[in-house]
Amino acid sequence: MFDSLGDRLQGIAKRLRGKGRLTEADVDEVLAEIRTALLEADVNVGVVRDVVARIREQTIGITVSEALDPSQQIIKIVNAELVAMLGGETLKIAYSSVPPTVILMAGLQGSGKTTSAAKLARWFKSQGRQPLLVGADLQRPAAVDQLRTLGAQVGVPVFSEPGDPVNTARRGLEEARRLGKDILIVDTAGRLAIDEEMMQQVADISRAIIPKYTFLVVDAMTGQDAVSVAKTFDERLAIDGVILSKLDGDARGGAALSVKTVIGKPIAFAATGERIDAFEQFHPDRMAGRILGMGDVLTLIEQAEKVFEADKAEETAARMLEGQFTLEDFLEQLQQLKKMGPLSGIMGMLPGMPKEMKDAQIGDDQVKLTEAIIRSMTPHERQSPEIINGSRRTRIATGSGTQVADVNKLIKQFTEMQKMMKKMGGLAKPQGKQGKGKNKVSTRQAMRELGDMFGGAGGPGGFPGMPGAGGPGQFPPFSK
Amino acid sequence: MLASASANIAIALGASGAGIGILVVIRSRSKRPREFAPATVEPTKEAVDVIVPEVVVAEVTVAPSVREKAGRTRSLFASAFQSIRGRSIDAATWDELEETLLLADIGIGLATRLLDPLRDAVKDGSLRSPDGVIAALRDGMTAQLATSDRSLHLDAVGSPNVWLFVGVNGVGKTTTIGKIATAQAAQGTTVLMAAGDTFRAAAAEQLQVWAERSGAAFVRGAEGGDPASVIFDGIQSAAAKGIQLVLGDTAGRLQNKSNLMEELKKVRRVADKAEGVVNEVLLVIDATTGQNGLAQAREFAAATDVTGIVLTKLDGSAKGGIVFAIETELGIPVKLVGLGETAVDLIAFDPSEFVSALFE
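Residues numbered from 1 in each chain as written. Chains lettered and ligands numbered in written order. Predicted model: local features only at pLDDT ≥ 70, side-chain atom pairs only at ≥ 80, totals over all residues.

1. Quick notes on the overall build of chain A
The number of helices and strands found in chain A is 22 helices and 8 strands. In chain A, of all internal contacts separated by at least 6 residues, the share reaching a separation of at least 24 is 76%. (Helix = DSSP H or I, 4+ residues; strand = E, 2+ residues; numbered from the N terminus. Contact = placed C-beta atoms within 7 Å.)

2. Points about the overall build of chain B
Of regular secondary structure, chain B possesses 14 helices and 8 strands. Taken across its 360 residues, chain B has 55% of its residues classed as buried. Of all intrachain contacts in chain B linking residues separated by at least 6 positions in sequence, the fraction that spans at least 24 positions is 78%. (Buried ≥ 20, exposed ≤ 12 C-beta atoms within 10 Å, placed from the backbone.)

3. What to know about helix α7 (residues 165-179) of chain A
Residue and element names in this part refer to chain A. Its 15 residues place the ends of α7 21 Å apart at the C-alpha level, agreeing with the 21 Å of an ideal helix rising 1.5 Å per residue. Among all positions in α7, only P165, T168, A169, G172, L173 and A176 are buried. Around the axis of α7, the buried residues are gathered within 145 degrees of arc, so they sit on the same side. Residues of α7 that are exposed and point over 90 degrees away from its buried face: E174 and R178. Contacts made by the buried residues of α7 are with β1 (101-107), β2 (131-136), β3 (158-159), β4 (183-188) and α8 (196-209). Positive backbone phi, approximately 70 degrees, marks G180, located one or two places after α7. (Expected span 1.5 Å × (residues − 1). Arc of directions from axis to C-beta.)

4. Concerning the interface of chain B and chain A
Listed as interface residues are 38 residues of chain B and, on the opposing side, 38 residues of chain A. Listing elements by their share of the side of chain B that touches chain A, those giving two or more residues are α4 (64-85), α5 (91-103), α9 (203-214), α11 (258-273) and α12 (292-304) of chain B. Across the side of chain B that touches chain A, the residue classes break down as 13 nonpolar, 16 polar and 9 charged. (Nonpolar A, V, L, I, M, F, W, Y, C, P; charged D, E, K, R; others polar.)

5. Observations concerning the nonpolar core
Formed by 186 residues in total, the largest nonpolar core has its most connected members in L133(A), L184(A), I185(A), V186(A), L244(A), M193(B) and L247(B). Judged by nonpolar contacts, the second largest core, of 14 residues, contains I374(A), M377(A), I411(A) and F414(A). (Core = buried A, V, L, I, M, F, W, Y, C linked by C-beta atoms within 7 Å.)

6. A short note on the sheet that holds strand β5 (residues 213-219) of chain A
All names here are of chain A. Sheet architecture is open: 8 strands sit in the order β3-β2-β4-β1-β5-β6-β7-β8, paired in mixed fashion. Bordering the open sheet on either side are β3 and β8 (279-281), each of which pairs with just one other strand. Judged from the 3 bridges that link them, strand β6 (residues 241-245) and strand β7 (residues 267-271) form a sheet pairing that is parallel. Its bridge partner being in β7, L244 is matched across the sheet by A270. In this fold α7 packs onto β1, β2, β3 and β4, with an angle of close to 165 degrees to the strand it touches most, β2. (Pairing = 2+ DSSP bridges. Axes fitted to C-alpha atoms, helices over the stretch in contact; angles between N-to-C directions.)

7. Some thoughts on the sheet that holds strand β1 (residues 161-166) of chain B
Residues and elements named next belong to chain B. The mixed open sheet is built from 8 strands, whose spatial order is β3-β2-β4-β1-β5-β6-β7-β8. Two strands close off the open sheet at either side, each with one partner strand: β3 (217-220) and β8 (346-348). On average, adjacent strands in this sheet sit at an angle of 25 degrees to one another, irrespective of strand direction. As defined by bridge partners, strand β2 (residues 191-196) adjoins β3 across 4 bridges and the pair is classed as parallel.

8. Comments concerning the confidence of the model for chain B
On average, residues of chain B score 79 in pLDDT, and 79% of them are at 70 or above. As a predicted assembly, this complex carries a pTM of 0.72 together with an ipTM value of 0.77. (pLDDT = per-residue confidence, 0-100.)

9. Here we look at the environment of I55(A)
Counting through the fold element by element, I55(A) comes out in helix α3 (residues 45-59). Between the alpha carbons of I55(A) and V78(A) there is a distance of 6.5 Å; along the sequence they are 23 residues apart.

10. Topic: the environment of Q144(B)
All names here are of chain B. On the secondary structure map, Q144 appears in helix α7 (residues 130-144). The class of Q144 is partly exposed, set by 19 C-beta atoms lying within 10 Å. Along the primary structure Q144 and F324 are separated by 180 residues, whereas in three dimensions their C-alpha atoms are 6.4 Å apart. The contact partners of Q144, leaving out residues within four places of it in the chain, are F324, E327 and T328.

11. Comments concerning the packing of helix α6 (residues 108-123) of chain B against α7(B)
Residues and elements named next belong to chain B. The geometry of α6 relative to α7 is characterised by a closest axis approach of 10 Å and an angle of 145 degrees between their N-to-C directions. Viewed along their axes, α6 and α7 form a crossing whose handedness is right-handed. On the side of α6, the interface is formed by L114, L118, A121 and V122, while α7 contributes V133, A136, L137, G140 and M141. Partitioned by chemical class, the residues of the contact of α6 with α7 number 8 nonpolar, 1 polar and no charged. (Left-handed = near helix turned anticlockwise from the far one by under 90°.)

12. A closer look at the pairing of β2(A)
Residue and element names in this part refer to chain A. Judged by how many residues are buried, β2 sits mostly within the fold: 6 of 6 residues are covered. Across the two faces of β2 the burial is the same, with P131, L133 and G135 and L132, V134 and A136 all buried. Note: β2 against β3, 2 bridges, orientation parallel. Note on β3: the bridge partner recorded for V134 is F159. For the handedness criterion, the β-α-β arrangement of β2, helix α6 (residues 143-154) and β3 is classed as right-handed. (Right-handed = clockwise from strand over helix to strand, strands pointing away.)

13. Observations regarding unusual backbone geometry
P100(A) follows P99(A) through a cis peptide bond whose omega is 0 degrees. Structurally, the position occupied by P100(A) is in the loop between α4 (70-86) and β1. Of note, A202(B) is a non-glycine position whose phi angle comes to about 65 degrees, a positive value. On the neighbour-count criterion, A202(B) (22 C-beta atoms within 10 Å) is buried.

14. Topic: the environment of G107(B)
Residue and element names in this part refer to chain B. Checked against the element boundaries, G107 lands in the loop between α5 and α6. Considered as a pair, G107 and I322 are 215 residues apart in the sequence and their alpha carbons are 6.9 Å apart. Excluding residues that lie within four positions of it along the chain, G107 makes contacts with Q291, I322 and A325.

Written out as structure tokens, the structure reads:
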């Protein structure tokens, strides 16, 4: 919805390009844009003031470099500053020497504590631990039921009993000891930071179970109030870290920066989707790009690295760029791609992705359909789609439960994609000495064409070949 | 200052102060279990306007701890204005005003649009004093909330009225439905709740508790089932039983999830096909929401023709300033405000009270 900072600075950058040195007036203009971008991302006003002041110091008088345009240079400075403020490292969990390691979840109503508690339990389980969940939210109707259902989904037992939350938490701790569990996660009721009685209650719970970690769950969509909420909870509970929930929305998540800056505690985890496994340790360096609206390049690269078997990906990418990309390769890529998570998530992470393309919703259903069609082809057909004639089309359509039109569409798109890949291959090849900036623009154009193709046809396939090319070090705009 | 005395005075002064008075009372109420006499839930024509200010004052005087809380939530604008008032209008004045607006989540765009005309007015001399600027700002903000019709549409006769509740995760949809059902039932309206949130674990159970509390009929489907059919069944069941109002819950969803927004469109389409009239689609927005609230409103309105906003959790320290932008830019009126966890803590939205609550 908001223009990214990159877009905002484009216009200014054009004017600055010829200049050797940025004047104070230039800097003011740029800083005003940065301020707006940060405020639109819900970064706290006070924090924005500090950030902008610090960036000003670093920006005035910088020499405009040959390689980067001024806007890129400034974005680099801003990005570095935000990363520094968000904290360099992900939180390393230290386990208590005497188990269980007790974790207390706290936060406002609706911030996502119960879901995060279950996701955290699953995370610990994946680390080889044996967690017990305690439902101490006895306030919200059916909150304990919700935790029990989620606990069953992740295979973690849930303890709760009606009555007093402080007592329930204490009994939960006893239960964990009795069962020999090494992690105890206590879910509590949502409460307003200004509700003295409820804040006292959670402080009492904390005193009863003496948590190793107290996590404040903060909704990524939170506005300016995030700071006062975090401050109050920190005063009462001595927060150890923040869990940022609902980060799969389109909020920029400036609250993360505000909270980190004001209470000085790291963002430990982030929930990145509704699925129970969509929960990961927080990477501050990536959040900076998001707050600025610049796409989460690093996450994409890492996810791609994790999923794609490196050799295979490189091989495919090489063939792809030479235009020898077959339907077989395409199928292979679709499968790799599926492991990376929902397509819409991946698209959002690509920087410089044309808007039409981000908006063109690529459904996971379409991927399934495409897969079905390719699977209904013979190996020979997959190698040389040009042999697919009318009767073969009918057979493929019948075999995949689709219409002949779907098959036609796929073949047409695949052919166009092949052409596109050839074009991109030309760009990606080591014409190295050509400026990086120029390369970027051309690739962008190619992507836009790809976007048009996809948006226009709206059919299956089309895009999914991309990340193969985006494998490590292969594709200029992805390597940072 | 004695807050109780000023609350009294505020009520005596009339509507502008009543917002504060109401804020105060609601908090003191939430302290107690549900034991309010039906007398306080006076049926009126004004939908859910069930709070009687006179009771407020009495309770304020007996619950002194409440005053501190009210003081804390109010201090944001109050302290800024205090520092502005004592001196001449300079650059710092504008910075301070802007920061105050931003802290209320009003957004940089709207803050600029509100302050620019005032700057001009000071330049050309038509505004001279800080008090004048503050008063003009207040008028400007009230003018942003100029929608006239904030009523909830409930036809007395004919097929069931259907109110759908939509919004992102965790804003308080289910709780809002519970409160509305209680208020409507107290006015003699027969209510049915349809548990269209088939996704979140135990969402139906949560709603069922509210149904039992308010005496509303209740329809649910299987967990993970089709929400549209649950809503449809609810409406059909209400039509068969002659129930007047169907409150349809839906699962929370982030507005950028197109598949879930498509699902919501289907809910709306299917609800329209049933034997009822969908005359409210209420988007529930959490007062702590920042600038993303505008995106929420835009997307949900596009998917379901939202007829009004319910602003929840305004009893916290958040100011809910994003509703200014929503109402100005999208023309969707705020209809209800949630001020606490109990059933009577949902009241009709009054723009001038809302703005006053920010300023005092």
